[in-house]
Structure formats: structure tokens, C-alpha cells
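So the chains spell out like this:
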Amino acid sequence: MSFLAPLYLLLAGAVAVPLLIHLLRRRIGLRVEFPAARYLARAERENSRTLKIRNLLLMLLRVIALLAIAAAAARPVARWLGAGHAPTAVAIVIDNSLSSSAVVNGRPLLDQFKAMARDVVSSATPTDRLWLVTIDGHVRGGAPSVLRDEINRLEPIAGSGDPNAALARAATVVRGGGLEARQVALLTDGQRSEWDKVPSLGDAQLLLFAPSAPPPSNRAVVLAEARPIRWTPRGTVAARILSRDSTTYRVSLNGRTFARGTAAPNEEVIVRAAPPERGWVAGTVEIEADELAADNVRYFATWIGAAPAVAVAPAVGPFIKDAIDVLRGSERVTDGHDIAIIGGDELASLPALITAPIDPVKLGAANRALERAGVPWRFGERRTGDASVRGTGFDGVTTAVRYDLVAQAGAVAETLAVVGRDAWIVAGPRYVLIGSPLAPDATNFPVRASFVPWLGAVLTERLVGEPGQVIMAAPGAQLPRPRWADAMEGSTGQRTPLGETLDVPARAGAYFLTRGDRRVGAVVVNAPPTESVLDRYSASELRARFQAGRTLVTNDPATWQATAFRGASRRSLIEPALLLAIVTLVVEAVVIGARGRRAA
Amino acid sequence: MESTRALRADLFDPASLAALGRIEIVARWIVDGFMTGLHRSPRKGFSVEFAEYRPYQPGDDLRYIDWKIAARSDRWVIRQYEEETNLRASIVLDVSKSMAWSGAALRSFSWQGAHAGAPARDGGAPDRLTKLAYAERLTAALALLLLRQRDAVGLVRFDDRIRTSIPPRARTGQWRRLVGALEEPGTGRASSAPEALHQAARLINRRGLIVLISDLLMELPDVERAMRGLRAAGHDVTVMHIMDPAERDLPSSGEALFVDPESELAVPASMADVRAAYKATVDEVIGEWRTMFGSLGIGYEIVSTDAPFGVPLRRAFALRQLLP
């Protein structure tokens, strides 16, 4: 217990009055003649014990009353008793992640959270400090009326947000609130995937509400992916449905349904297609709506175009020609001049798959050709001797002859394979550069089984069409800005210039990235698949997970609301102190009254 | 009837009545009023002698109507007799310092029994006589009443010693002598009733009536011994215990150092604290006196100084009627 106005405790000195009265009551100055004093003496003698007890009781009652009044004036607060609440800094954290939009008992869980939060805000006093923190980490502070409006406007986000950041920020704001009583009031569904890791809240109290009812059975599209990203024009859509039983699904492109089917639980569904659309397009995989409708649709994006026309330079060797024949036979490429497969010394234009020259004498010409084509790489020192290549799909590949790939200023590229610490294959906009000639005496890569698929992927996914890619992102995430794009196209077609970062929209969907007037890629925003798994922690599990000054986990909304402002804060003892004073004075009056009645 | 009652001095407020005149006058008024209200002759004895007729008044005893006159003249008259008496009475009056007190000293407290009224003489409260003043007037009235019955009346005044001793006489002038003694000033400190009672017994040379008028602020065993002696001598004794209302009920609040003027015993007390216990103690003391007197066959009456004089006078008269 402590006092907010301790100076008023000086009033407690008034207890000296009844004490002095009690101690000095025998030093009475008024002298009265009274012949029957002998009867008085006898009465006192015969009732001395009763009189002493009564006088002592009266003195104690008066002392207690004065102490209680002094204590009330000093504004006492305590954790263990009291009415009302002391000034408290409260951060209300509402878990408005996608899972909070699940309908329970005919009402979204988030609506219940909002109602509870509004009630708590309404019970705030002017001396309290309030903040609203959403699960994406946004913090809003202000007067109760402002926060009520914020709560009313609150919508579920498309993902899981950042629970750790939200709680950490809530703890930070209540710590900085300048009040001794600090409370983080969290409203969450207790989803296991969401609260896998939790931050420490320091000395702030955590008041956590999580519903006790089991989560609704949920079906969700947890995978929707175009494979490959660039269709020429054939491609596939891979989908996986989270459900307990078979579920019908629908796949659409640009709003046009091109496939329907029934998926078994957790089965990966592959839908092949060769749609007529061209360029960057968005698609969805949808299932029937259930209690959590937000994850019944999942977005993907793909580039669709004709099969690239490939021109193979004679100098690159027979293995590439054979591989191209295979790809041509499967209609993945055609003959033409869209993409060149060529030695570095013969390079004239991009896009191109560029190999090192077989003859070392042509190394200088190759580097000059690279410079002319704008490829920011050069062939460096020639190295011989067997060396293993590392990279995805390069198992068992070795090199006997290779050139160092030397990056030039401004080189931005993806390293696809390395030898030792040196890049062996790099890929940039509209080019793929290999550090060895694709000849059997330089590398065994052309004779490996993985060569043809790799070549097909390079031609149809990296070198075909405009440079660009699909960025998979969580709702509301902040990513580095892609260099190959300068704006993002919203769902209604309006374009927003990119800043230093790529701010991913909070709503799920496929958003196109543009450069100039052309679409050059897409940002696909989907909730993490784990958000669709609604399994919840129990109250005891939640209590064990959180580290706070004091943690109260409850399934009862009334308890949560009643504890807000009180659990962590020390409650005001003014009312109990005044009540004690009143009761004491009433008892004193009763004792005196009883004495008076007996006297009468 | 109401006008008759209103004029009767024995029913007046004692303090108001005392303010109207000296003891002698007031006592006459009291006795006259008392006899008017009696409605029958107080004179009654073994040998009676006819004195006169008077008109019948409602309430007169029908035995005393002269039926012959009624038959002859159709008028109802009452035969009145003068009686001879052989009763010798001695009034023993306590004039100690404790008797010279009224509840005025407690007026600063919220005394519940306070009454508004005319100021009083003799140092008493403005609305109440001191116990002594009250007792003196009562003594005078009682003496006059007895003398009018042809009884011989004497007086002993005492405090810590005997202050006045007048032997019982029935002759004319005895009452004036008694009143003169009552008007003597001065009171001592303590009360010493036993010696006074013995003196009163000595003054009566044969069986008689002894009336002790005192506040009884004295030791019970001493009084008891004296009373036993009187009773053994064959005297009829009655005790009038004079009490101020403030002595029976303390004020409801206030604190003071209560000092006995006789013994200087000082008792600090809070009224509210001890009021109930004090009242119980007073009742207990009265019970002790009553028991003691009752066991000796002694009449005992508590006389409050705010009671009209007719009240104790009637009790004394009733006692007298029981005697031969």
C-alpha cells in the first residue's frame, strides 16, 4: 500500500486529541459540589471495569476514525483491497489477425473483442492513459472517445500480423506512460501458430482474454502457386486445401474460372493449363466459404506468353542443340530469335544465354561483347582442374575449365551456381552467364540429366519476356524495393509509386508491379498458411508462455473487463478508508447511545 | 372543584410557594390547603368533645351528619369535635451542609430534570429549593398540622452536633417557637443523626412519634443502631428521605470533579459514563435504607424537593392516623 498524497498523513496527528482526552480525562478543571459524591464513587468503583473497557473502546474508535480520515485524505492505493482504481496506463492489444474473423456463435470473434475493448475504454477515468494496439503493431493513443472510434473502425487484417511486435510496443507505451500502474490487456483467440513465441513484458501486468470454446472447423486454401511463374503458354497451378474432408475448389485467372475439381484433404492439386491470356495476370484458388471466409481464397500471379523462339549459335556445341531439340519437341521453345544461346565472343544482343568462349584467345572479344550488350560481368582468369559445382540442380556437376566471373560496377545478379567461392553461373535481367564453355572437356553439366530441365527453365522463366518476378509477401509487410519496378498497381488499377521500400498491402490479393507502362511482376499477398490452423492454446498453456510482472489469463469476458485497470494497478483505498471512518463513528455513536439509554 | 384545587397551597410548586412568604406563612397556607382537601376532620381521639356545627360539604363523612337537625330544618350540618391527645411527637431535622444544596450546581450541564420556574430563596436553585429549605417548610407545616390535632410537637436540629432542641409541647406559642428555631441560621459540616435521635427520644418521656427529616448522607449502621434504640423504647419512627432530583438523575452529559461538601471527597466523572451506574447505585442505596427501616418497622418515604409539600404531608398524616 502506498499514498498518492502522503503529506495528508500529517492529519493523523489529530489522533493525539482523543488520546489526550482519554489520558487527561481525570484532570478535570470543573469542580462541582455534590453531596451524593459518595454514591458516585461507589458507582465508579463497582463499574470501573466496564467503564474502563467502554472508554478504551471509545478512544480506539475515535483514533481509528481519525486515522481512516487521514489515510483517505492521503489517497491510499493498494493491490489487495479497494474500490475504483488508481491511475493506470493500459494498452489494449486486440488480436485482429485473420483468424479473429472466424465466426463463432454467429458473430465474428473480432466483434466480441471490440465490444470488450469498448467497455474497458468506457471504464477509464481521466487520470488513466490508454492506447490501442493492433496485432500488426500499430499503436494509437488518445482520449477514450478517440479510441472508441478506432475500435469501431477496426477490421481484421489478412495475415497473422506481428504479435511479438504488438506486445512489445504495448509494453513500451505503458512503460512510458508515466504511471506506476501498467497493464497490457490482450484480447486474442490464443491461436497456437500466433503465440509460438512471445516477448517479455517486463513489470507490466498482462491481462489476457482467450475464448474457451474450441475453434470452428476450418477449411482453407493454404497453397496456390503458378508453376512455373512464366507460362509459355502452358503452366500449372499447384493448390493445397486444408480440410477434414474432400472439398471442391475453383481455379480462375483474371476472374475467369478455368478449372474446378474436388481435392482430398491436404492433397496437392496440380491444374495444368494453357490459357489464352498474355502478360502478367492474377489468379485465385477458391473453395466454399466457411466460418473463416478470409482463407477460402488464395491468390497467385503468373506471366503468360508464347513459347520463346531460340537461336543456338553453332559455336556452343552439340549438347545444347540436342537439348533445344528436346525442348522444341515438347513445344516449350520454338525456332527464332527471341533468345540467343551463344558464346560470349559472339554476343550481339539480349536476351541471351551466354557461355564462355571455347578458345581462350577469344576471351578479350567476349568481354568487349559483354560490355557492348550491357552485361555487367566479365570473364576473368582461366582456371583448370576438376572442381565441383554447387547449386540447386547441380548435383554431380564438375568443371575442368572455367573462367572467373568478375562483377562490374552496378552488377545486380543472382548467382545460380558456384565453384568453391567463385560464381560459375549468374543471372541478371535478360541474361544468364556461364563461366565455362558447355563442352565435355570443360564441364560435365551438358551431359547430366538435369541439364535439359535447367535449360528449359532458364529459357522459359528467366529469359522469356520482360524481366521481373513474383514477390510472395505477407499482408502489411515491408520489403526492399525491387529495382526492376517503379510503381505498384492497386486492385482498382491505380498506380502507387514505390518509395525506398515496398509496402505490402494489408489486404490479400495480387498486386502488379510496373515499370513505365508495363507490368513487370507482381506482389502476391496471402495469409500465412499457419493462420488457417485455428488450434488454440489452453488458458494454462497461455499462462505458462507469457512472461510479465503478473499474468492473468481468463476465458470469462466479465472477469477480463472487471480486472482491467484493477489487476495490475493498485486500487484506491479512499472509499474503504472513508467507509471505515463512517462505520467507526457510527459504532462510536451506538456505544455512546447505548450508554445514554442505560443512563436514562 | 378545580378552583378549590388551584388555591390549595399544599399542591403548589414548592419553590414557587416558598417565594411567596416566610416559613410561618407558607406553612399555614400548606396546612390550610391540606386540611381543606382532607374533607373530614383530622381530629380524632379517645376522648372527644363537641365543638361546633358547620355546613355539610360533599365528601364529608356521613357519620358526622346531625340527622336530627337535618330532619327538623332540612339542612345538613356536620358535627365537629375537639379532641384531646396524648401523642408526643418530635421532629428531627438534619441541617448539615449536605442539606444546603440544590441541583443548581449542575445547571451548567444538560440536566434533564430541570424545570423553569421562579427563583428560590435560601441559596437554592432559582427553580428549586435546597433540601434544607424544603425540609424546614415541611417541618413547619408538619408541626402545625400536629399541633392543630392537639399533639405535642418538639424539634431537634442537628448537623455534626445538636443545634436546637425544643421539647414537645402542645400549648399555644409552641409553633412560633418551632418556626423561630427553624429560622436560625448556620449549618455544620457533617451529619450525626444517632446523637440527635437519642436526644429526640430523651425529649419524649413516654412513647411517641419521631420524624427524621434528612438526606441520609450518613453511615447506615450508625443510623440503624440509633433506630433500634428508638424502636426498643417503643417509639414510632418515620423517616423522610429528602432528595434533590439531581441526586437521583445525573445530567446526561458533561464532565466535572464532584466534591462532597461534607467530607471533601472528590470524584472525577463523566456524566455519560457513570449516569446509569450512578442511578443504579442510588436505587441500591435507597433499597438498603428501605430494607433496614422496614426490618425495624420504621416508615420510610423518599421526598423529592420538587414535589408539592402536600405529598409528604399526606404521608405523614396517614402515618399519624395509624397511631393511637
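Residues numbered from 1 in each chain as written. Chains lettered and ligands numbered in written order. Predicted model: local features only at pLDDT ≥ 70, side-chain atom pairs only at ≥ 80, totals over all residues.

1. So, the overall build of chain A
Quick reminder of the rule: Secondary structure counts use DSSP, requiring at least four H or I residues in a row for a helix and at least two E residues in a row for a strand, with both numbered from the N terminus. Around each residue's C-beta, the other C-beta atoms within 10 Å are counted; 20 or more make the residue buried, 12 or fewer make it exposed, and counts in between make it partly exposed. All C-beta atoms are placed from the backbone. Note on contacts: residues are paired as contacts if their backbone-placed C-beta atoms lie within 7 Å.
Within chain A, the regular secondary structure consists of 12 helices and 36 strands. Relative to its full complement of 600 residues, chain A shows a buried share of 44%. Taking as baseline every contact in chain A between residues at least 6 positions apart, the subset at least 24 positions apart corresponds to 70%.

2. Observations concerning the overall build of chain B
The number of helices and strands found in chain B is 11 helices and 10 strands. When contacts within chain B are restricted to residue pairs at least 6 apart in sequence, long-range pairs at least 24 apart make up 75% of them.

3. Some remarks on the nonpolar core
Here is the rule: For this analysis, nonpolar core means a set of buried Ala, Val, Leu, Ile, Met, Phe, Trp, Tyr and Cys residues linked through C-beta atoms within 7 Å.
By size, the foremost hydrophobic cluster in this structure holds 111 residues, and its most contacted members are A91, I92, V93, A170, V184, A301 and A522 of chain A. With 9 residues, the single largest contributor to this core is helix α3 (residues 48–73) of chain A. Setting aside its immediate chain neighbours within four residues, V184 of chain A contacts A91, V93, L167, A170, A171, V174, L201, A204 and L206 of chain A. Ranked by size, the runner-up nonpolar core spans 68 residues in total, among them V31, L87, A133 and L209 of chain B.

4. A short note on the interface of chain A and chain B
The condition is simple: Only Asp, Glu, Lys and Arg are considered charged, only Ala, Val, Leu, Ile, Met, Phe, Trp, Tyr, Cys and Pro nonpolar, and every remaining residue, Gly among them, polar.
Each partner contributes residues to the interface: chain A has 27 residues there, and chain B has 32 residues. Sorting elements by how many residues they give to the side of chain A that touches chain B places helix α2 (residues 37–46) of chain A first, with 9 residues. Residues belonging to the side of chain A that touches chain B are distributed by class as follows: 14 nonpolar, 3 polar and 10 charged.

5. Some words on the pairing of strand β19 (residues 309–312) of chain A
The side chains of a regular strand alternate, first on one face of the sheet and then on the other. All names here are of chain A. Rules: Two strands are said to pair when DSSP picks up at least two bridges between them. Seen with its strands pointing away from the viewer, a crossover is right-handed if its path from the first strand over the helix to the second goes clockwise.
Sheet analysis places β19 next to strand β20 (residues 334–335), joined by 2 bridges and oriented parallel. When the bridges of β20 are listed, A309 appears paired with T334. As a crossover connection, the stretch from β19 through helix α7 (residues 318–329) into β20 is right-handed. Where β19 meets strand β21 (residues 339–343), 3 bridges bridge the pair, whose relative direction is parallel. Counterpart to V310 in the pairing with β21 is I339.

6. Comments concerning the confidence of the model for chain B
Residues and elements named next belong to chain B. Inclusion rule: A residue's pLDDT is the confidence the predictor assigns to it, expressed on a 0 to 100 scale.
The pLDDT averaged across chain B works out to 76; a share of 76% of its residues lies at or above 70. Element-level mean pLDDT values for chain B span from 44 in helix α1 (residues 2–7) up to 91 in strand β7 (residues 236–243). Taken together, the stretch residues 39–47 has pLDDT below 50 and engages in 18 contacts with residues farther than four places along the chain or on a different chain.

7. Examining the sheet that holds strand β4 (residues 152–158) of chain B
Residue and element names in this part refer to chain B. Note the threshold: In this description, a line fitted to the C-alpha atoms serves as the axis of each element, helices being fitted only across the stretch in contact, and the angle between N-to-C directions of two axes falls anywhere from 0 to 180 degrees.
Strand order in the open sheet formed by 6 strands is β5-β4-β3-β6-β7-β10, and the pairing between neighbours is mixed. Each edge of the open sheet is held by one strand with a lone partner, namely β5 (162–169) and β10 (299–304). In this sheet, adjacent strand axes meet at a mean angle of 15° when their direction is disregarded. Pairing of strand β3 (residues 88–94) with strand β6 (residues 209–214) involves 5 bridges; the strand directions are parallel. Bridge pairing in β6 links V92 to L212. Against the sheet, helix α5 (residues 131–148) contacts β3, β4, β6 and β7, and its axis sits at roughly 175° relative to β3. The sheet contacts of helix α10 (residues 271–295) involve β7 and β10, and relative to β10 the element is tilted by about 150°.

8. Let's talk about the packing of helix α7 (residues 193–203) of chain B against helix α8 (residues 220–232) of chain B
Residue and element names in this part refer to chain B. The criterion, for reference: Roughly parallel here means an angle under 35 degrees, roughly antiparallel means over 145, roughly perpendicular means 65 to 115, and every remaining angle is called oblique. The sense of a crossing depends on the near helix, which, turned anticlockwise from the far helix by less than a right angle, makes the crossing left-handed and, turned clockwise, makes it right-handed.
Remark: α7 packs on α8, axes separated minimally by 8 Å, with the N-to-C direction vectors making an angle of 10°. Between α7 and α8, the angle is such that the two are roughly parallel. Both α7 and α8 take part in a crossing whose hand is right-handed. Across the interface between the two elements, A193, P194, L197, H198 and A201 of α7 pack against D222, V223, R225, A226, G229 and L230 of α8. Here the residues of the contact of α7 with α8 sort into 7 nonpolar, 2 polar and 2 charged.

9. Digging into the packing of α5 of chain B against helix α6 (residues 174–182) of chain B
Residues and elements named next belong to chain B. Where α5 contacts α6, the two axes come as close as 10 Å, and the packing angle between them is 170°. Judged by the angle between their axes, α5 and α6 are roughly antiparallel. Seen from α5, the contacting residues are E136, T139, A140, A143, L144 and L147; seen from α6, they are Q174, W175, L178, V179 and L182. Split by residue class, the contact of α5 with α6 holds 8 nonpolar, 2 polar and 1 charged.

10. Remarks on the sheet that holds strand β13 (residues 235–242) of chain A
The strands making up a sheet are joined through hydrogen bonds of the backbone, oriented either antiparallel or parallel. Residue and element names in this part refer to chain A. An order of β11-β13-β16 is seen for the 3 strands of this open sheet, with the pairing classed as antiparallel. Edge positions in the sheet fall to β11 (220–227) and β16 (268–273), since each has one partner strand and no second. Each neighbouring strand pair of the sheet contributes to a mean axis angle of 20°, computed without reference to strand direction. Where β11 meets β13, 7 bridges bridge the pair, whose relative direction is antiparallel. Bridge pairing links A226 to V237 in β13.

11. Here we look at helix α8 (residues 363–373) of chain A
Residues and elements named next belong to chain A. Convention followed: Each direction from the helix axis to a C-beta atom contributes to the arc, which is the arc of those directions.
Within the sequence span of α8, burial applies to A366, N367, A369 and L370. Buried residues of α8, seen end-on, are gathered within an arc of 160° and therefore sit on one face of the element. Exposed residues pointing more than 90 degrees away from the buried face of α8 are listed as G364 and R372. Where α8 is buried, its residues meet β21 and β23 (377–390). Immediately beyond the C-terminal end of α8, within one or two residues, lies G374, with a positive phi of roughly 85°.

12. Quick word on α7 of chain B
The periodicity of an α-helix, 3.6 residues per turn, causes residues three or four positions apart to be oriented the same way. Residues of α7 of chain B that are buried: A193, A196, L197, A200, A201 and L203 of chain B. Here the buried residues of α7 of chain B occupy an arc of 160° about the axis, which is enough to place them on one side.

13. Re the environment of D159 of chain B
All names here are of chain B. Here D159 is to be found in the loop between β4 and β5. Look at D159 and you get buried, because 23 C-beta atoms sit within 10 Å. When the C-alpha atoms of D159 and S191 are compared, they prove to be 4.5 Å apart, with 32 residues separating the residues in sequence.

14. Some points on unusual backbone geometry
All names here are of chain A. Cis rather than trans, the peptide bond between R227 and P228 has omega equal to -10°. Inspection of the secondary structure assignment puts P228 in the loop between β11 and β12 (230–231). In this chain, T232 is followed by P233 through a cis amide linkage whose omega measures -20°. Within the secondary structure layout, P233 lies in the loop between β12 and β13. For N105, which is not a glycine, the phi torsion comes out positive at approximately 55°. Note on placement: N105 falls in the loop between β5 (103–104) and β6 (107–108). Accessibility expressed as a C-beta count within 10 Å gives 10 for N105, which makes it exposed.

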